[in-house]
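Read off the chains here:
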2 protein chains.
Amino acid sequence: MNDTSLDPADWDAFRALVHRAVDDAVDFLATIRERPAWRPVPAAVRDALREPLPRTGEPLEASYARFRELILPYATGNLHPRFFGWVHGGGTPAGALAEFLAGVMNANVGGREHAAVYVERAVVAWFGELFGFPPASSGLLTTGTSMGNLLAICAARDAALGAQARERGLAGAPLVAYAARGAHSSIAKALRIAGLGTASLRAVAVDERFAIDLAALRASIAADRAAGARPFLVVATAGTVDTGAFDPLEALADLCAAEGLWLHVDGAFGALAILSPRHAHLVAGIARADSLAFDAHKWLQAPYAVGCVLFRDERAHRAAFAESAYYLVPADRGTAAGAPWYAEYGLELSRDFRALRLWLTLRHYGIGRFGEAIARCCELAAALGAQVAAADDLELLAPVSLNVVCFRVRRPGLDEGALDRLNAAVAVAVQEAGEAVPSTTRVEGRLALRVCLINHRTVAEDLEVLLAAVRTAAGLPRLAEEVG
Amino acid sequence: MNDTSLDPADWDAFRALVHRAVDDAVDFLATIRERPAWRPVPAAVRDALREPLPRTGEPLEASYARFRELILPYATGNLHPRFFGWVHGGGTPAGALAEFLAGVMNANVGGREHAAVYVERAVVAWFGELFGFPPASSGLLTTGTSMGNLLAICAARDAALGAQARERGLAGAPLVAYAARGAHSSIAKALRIAGLGTASLRAVAVDERFAIDLAALRASIAADRAAGARPFLVVATAGTVDTGAFDPLEALADLCAAEGLWLHVDGAFGALAILSPRHAHLVAGIARADSLAFDAHKWLQAPYAVGCVLFRDERAHRAAFAESAYYLVPADRGTAAGAPWYAEYGLELSRDFRALRLWLTLRHYGIGRFGEAIARCCELAAALGAQVAAADDLELLAPVSLNVVCFRVRRPGLDEGALDRLNAAVAVAVQEAGEAVPSTTRVEGRLALRVCLINHRTVAEDLEVLLAAVRTAAGLPRLAEEVG
């Protein structure tokens, strides 16, 4: 007998509870639009979640009831059609089913011989096919583009260091990387992690559409070479987080080929523009990158957290991450077969079955359905941008390249500081009203309401509600006080 | 109207399918023991999973049927009570429910103001309480200990570099780290990622129980200082992967305090020995570490992939990972409240709701139930070790410190090379028979069958089945041929 098993003593009771949870979940998902886009977490809920470590247990029904009371009502908000903040995918019901199935199987996809490994290979191959990477390229699913960018930057660093990389590391090598001024913060952070520091990143000037200035890039590389530094990497952005701008990938691929530099593309959400016929031209040349990182939990609507990184040269990829430990040697046969193990391709040795949510949803929807949703988001963004540009009381702060609209409320007589305070207060007021969730950023120093169209549930009427909420908030007497 | 929504056209049909999946899942979980511990993936299944990118979709029922046919039957094996390979947790049915709920909510726990953030804070505080870390310490949930080790090593590196860390990085600083010869490969790998290279790691000699030799460590530090290098970090292991050995944490904490070094504890599974009354002494002193990384998907039986890293000094933790980007500035109110954001504590900007599986299962089972299962695993390991030591045809290759038993089949007249080949073939034969899954490693150069007791479902009879399968395999005529 086994008195330490954690399986249910009563399988029927467990089955009944899970069925109840499914009914609750389907009701929750089918009524997203009827709830506020976001609501604050009450202090009482925050307090209730601050408990000591449970020493003894409680019935699963009790834990589930607590979840329904304290957690489920106070969601991030990203499932709602009027959540426009940051870049948050909306998920799908089919994705939630996949998460359940993955939880049941509880596979460890760090390596070894089992079906989950082949599912991940299939999904990575699908992405390679989508972006035109050669069949011999490699890749793996990550928890997101921050991790994909880090893996790519480490591989590029080690390729530049060559034979010394594994044992001696940087050893003072003056490596230098380049990216446009609007590149994502995860690039500088990855260079810090890699031991290079932020000073190794040249923030290159951008043009009027916020794309990298090629002449400035060339000049910077030449100046660094002249000063004895070692340029090794250009990071191109396909869809900047602030404004959705694209660097010119074909031109950068030419430049990197001529200069002998690694070209990495940070395509967190913008790489998926390849699926929209009217926007695919923005990523022309992406197939020539040495590496490409992008998210699946954004425009592919996969449950958090999953992204992908692709590498043109499997050897460079593996060289940066493979270790040789006796307990990790793949075998020809048995459970330890299945080489190459994913542990040799990244930083995780134990890895969850994140591929299943993509395998299931890409099969069910087909990539075409995602393309339609992406194209629709871009159309909505263009329409919103035009509406803002035409309004007297609003001001568009950046051209709409893709799916991001940055604008602000304008008001005669307010200086820049007061306008910043007004718009920050408008964002909070719209969020707290539960009407919609824009986030904020700064565009050329000015505080912007930032509206990112990414959710497949969003329709044109949602943008009407957003603009009405912004105008209502801007007219609130208490906001006038805050602005001072 | 919205023709790009990815929500089901027919919610009732979706609901019915998920209910069906729940019944299948409960049947699957309730009958784990009746299936083989592992089975190979047939070539036909591998081929079927090698399809081009789906351009158009199919009914969700069809995708789910494909999952049942191609994926579910060919699991990793770790749910089975006779899976003893590597260090694989067995998961729990309650954990699978939590994964479904997390998939439904689809929270992004990189930051912002919503309940999932407070759930993660609660879980991290529980772990801080368990290990006696001070209330002001910080931490976050990672995808596992490899990532936790990397975060700790980067923070230790940056603390050693001080003011130059962020901008200038290593800049040739001759930092040196120390760990016992049996330390996990993720330590050397993290030092590579951090730009230091494997030569920055001193592999310190071990004693007869495979624990770090303190005199050798002291001598190595002194020699490095004399040679102009900068010692900065000692990595202690609580439960080595090969043999379950423990470094002496109190003594290492004293040494690190005296030498001004950061003490990181890699406690992937062994840190949880704190929950077993007879083994808690092995981790005495763990509360004095500067950082501690461990897994929850191993001995806490959480679904893959989740671990935790704790830091004594929140400022050192945050300094290593915080970035300042306009679009990521926490606000006092609204959706952008909730500071500090987890994105400032690690490498991921988008983060899944990995805390829910721990919150739900720790509430339901209570930490005490996990302690009982852990103690039971150690008892089973001790009993197996004694049985092997007493057998004429088997040889114990390392003392049983915790839950890992390394042994081999012996056979008079075979040299070491032939014994290695024999035991490797035995492992594969036992796996392919579906009877049990031991993995292999090398102990002092000799190939070992490695049996790691970690699954809460395992009972004493399972070890009888294992030994019988090993002896059957060792007697197979075809193995004699392979050994040559």
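Residues numbered from 1 in each chain as written. Chains lettered and ligands numbered in written order. Predicted model: local features only at pLDDT ≥ 70, side-chain atom pairs only at ≥ 80, totals over all residues.

**Points about the overall build of chain A**
And then number 1: Scanning chain A from N- to C-terminus turns up 15 helices and 11 strands.
And then number 2: Computed over the C-alpha atoms, the radius of gyration of chain A is 24 Å, within 12% of the 23 Å expected from 2.2 N^0.38 for a compact globule of 484 residues.
And then number 3: A principal-axis box enclosing the C-alpha atoms of chain A has dimensions of 75 × 70 × 45 Å.
And then number 4: Sorting the 484 residues of chain A into buried and exposed places 62% on the buried side. (Helix = DSSP H or I, 4+ residues; strand = E, 2+ residues; numbered from the N terminus. Rg over C-alpha atoms; globule rule 2.2 N^0.38 Å. Buried ≥ 20, exposed ≤ 12 C-beta atoms within 10 Å, placed from the backbone.)

**Notes on the environment of Gly 260 of chain A**
All names here are of chain A.
And then number 1: Turning to its location among the elements, Gly 260 is positioned in the loop between helix 10 (249–259) and strand 5 (262–266).
And then number 2: The exposure class of Gly 260 is exposed, given the 9 C-beta atoms found within 10 Å.
And then number 3: In this structure, the C-alpha to C-alpha distance between Gly 260 and Ala 160, residues 100 residues apart in sequence, is 9.8 Å.

**Here's the deal with the interface of chain A and chain B**
And then number 1: Contacts between chain A and chain B engage 152 residues on the former and 151 residues on the latter.
And then number 2: Among the residues making up the side of chain A that touches chain B, the classes are represented as 78 nonpolar, 42 polar and 32 charged. (Contact = placed C-beta atoms within 7 Å. Nonpolar A, V, L, I, M, F, W, Y, C, P; charged D, E, K, R; others polar.)

**Some remarks on the pairing of strand 9 (residues 404–409) of chain A**
Residue and element names in this part refer to chain A.
And then number 1: Within strand 9, 6 of the 6 residues are buried, leaving the element largely enclosed by the surrounding structure.
And then number 2: Of the two faces of strand 9, the one holding Val 404, Cys 406 and Arg 408 and the one holding Val 405, Phe 407 and Val 409 are both buried throughout.
And then number 3: By the bridge criterion, 3 bridges tie strand 8 (residues 394–396) to strand 9 in an arrangement that is antiparallel. Across the sheet, residue Glu 395 finds its bridge partner in strand 9, namely Arg 408.
And then number 4: Alignment of strand 9 against strand 11 (residues 446–452), held across 4 bridges, turns out to be antiparallel. Residue pairing in the sheet places Val 405 in a bridge with Val 451 of strand 11. (Pairing = 2+ DSSP bridges.)

**Digging into the pairing of strand 4 (residues 230–237) of chain B**
Residues and elements named next belong to chain B.
And then number 1: Burial of strand 4 is extensive: 7 of the 8 residues sit out of reach of the surface.
And then number 2: Bridge count for strand 4 against strand 5 (residues 262–266) is 5 bridges, and the pairing is parallel. In the strand pairing of strand 5, Val 234 is matched with Leu 263.
And then number 3: What joins strand 4 to strand 5 is helix 10 (residues 249–259), and the crossover it makes is right-handed. (Right-handed = clockwise from strand over helix to strand, strands pointing away.)

**A short note on the domain arrangement of chain A**
And then number 1: Here chain A is partitioned into domain 1 (11–76), domain 2 (107–352) and domain 3 (373–483).
And then number 2: Between domain 1 of chain A and domain 3 of chain A, the contact holds 5 residues from the first and 6 residues from the second. (Domains from an automatic or database assignment.)

**Quick word on the environment of Arg 209 of chain A**
Residues and elements named next belong to chain A.
And then number 1: By the secondary structure assignment, Arg 209 is in the loop between strand 3 (201–204) and helix 9 (214–226).
And then number 2: In this structure Arg 209 comes out as exposed when scored by C-beta crowding, with 11 C-beta atoms within 10 Å.
And then number 3: Arg 209 sits 155 residues away from His 364 along the chain, and the two C-alpha atoms are 37 Å apart.
And then number 4: Ignoring any residue separated from it by four or fewer positions in sequence, one finds Arg 209 in contact with Ala 245, Pro 399 and Ser 401.

**Quick look at the nonpolar core**
And then number 1: Formed by 377 residues in total, the largest nonpolar core has its most connected members in Val 119, Ile 286 and Val 426 of chain A together with Val 119, Ile 286 and Val 426 of chain B.
And then number 2: Setting aside chain neighbours within four positions, we find Val 119 of chain A in contact with Ala 355, Leu 356 and Trp 359 of chain A together with Leu 49 and Ile 71 of chain B. (Core = buried A, V, L, I, M, F, W, Y, C linked by C-beta atoms within 7 Å.)

**Section: the relation of the copies chain A and chain B**
And then number 1: Structural alignment of chain A on chain B gives an RMSD of 0.0 Å, achieved by rotating through 180° and translating 0.0 Å along the axis. Between the two chains, the operation in question is that of a two-fold axis.
And then number 2: Residue by residue, 99% of the interface of chain A is reproduced at the interface of chain B, so both copies engage with the same surface. (Least-squares fit on C-alpha atoms with pLDDT ≥ 70 in both.)

**Observations regarding the sheet that holds strand 10 (residues 439–443) of chain A**
Hydrogen bonds along the backbone pair up the strands of a sheet, which may run parallel or antiparallel.
All names here are of chain A.
And then number 1: Across the sheet, which stays open at both edges, the 4 strands sit in the order 8-9-11-10 with antiparallel pairing between neighbours. Two strands in the sheet have a free side with no partner beyond their single neighbour: strand 8 and strand 10. Averaged over all pairs of adjacent strands, the angle between their axes in this sheet comes to 45°, without regard to strand direction.
And then number 2: Sheet strands touched by helix 12 (residues 355–390): strand 8, strand 9 and strand 11. Its angle to strand 9, the strand with the most contacts, is close to 20°. (Axes fitted to C-alpha atoms, helices over the stretch in contact; angles between N-to-C directions.)

**What about the sheet that holds strand 3 of chain A?**
Residues and elements named next belong to chain A.
And then number 1: Across the sheet, which stays open at both edges, the 7 strands sit in the order 1-7-6-5-4-2-3 with mixed pairing between neighbours. Each of the sheet's edge strands pairs with one partner strand only, and the pair in question is strand 1 (138–142) and strand 3. If you compare each strand with its neighbour and ignore which way they point, the axes differ by 20° on average.
And then number 2: Pairing geometry for strand 5 and strand 6 (residues 291–295), over 3 bridges, is parallel. Within the sheet, the bridge partner assigned to Val 265 lies in strand 6 and is Leu 292.

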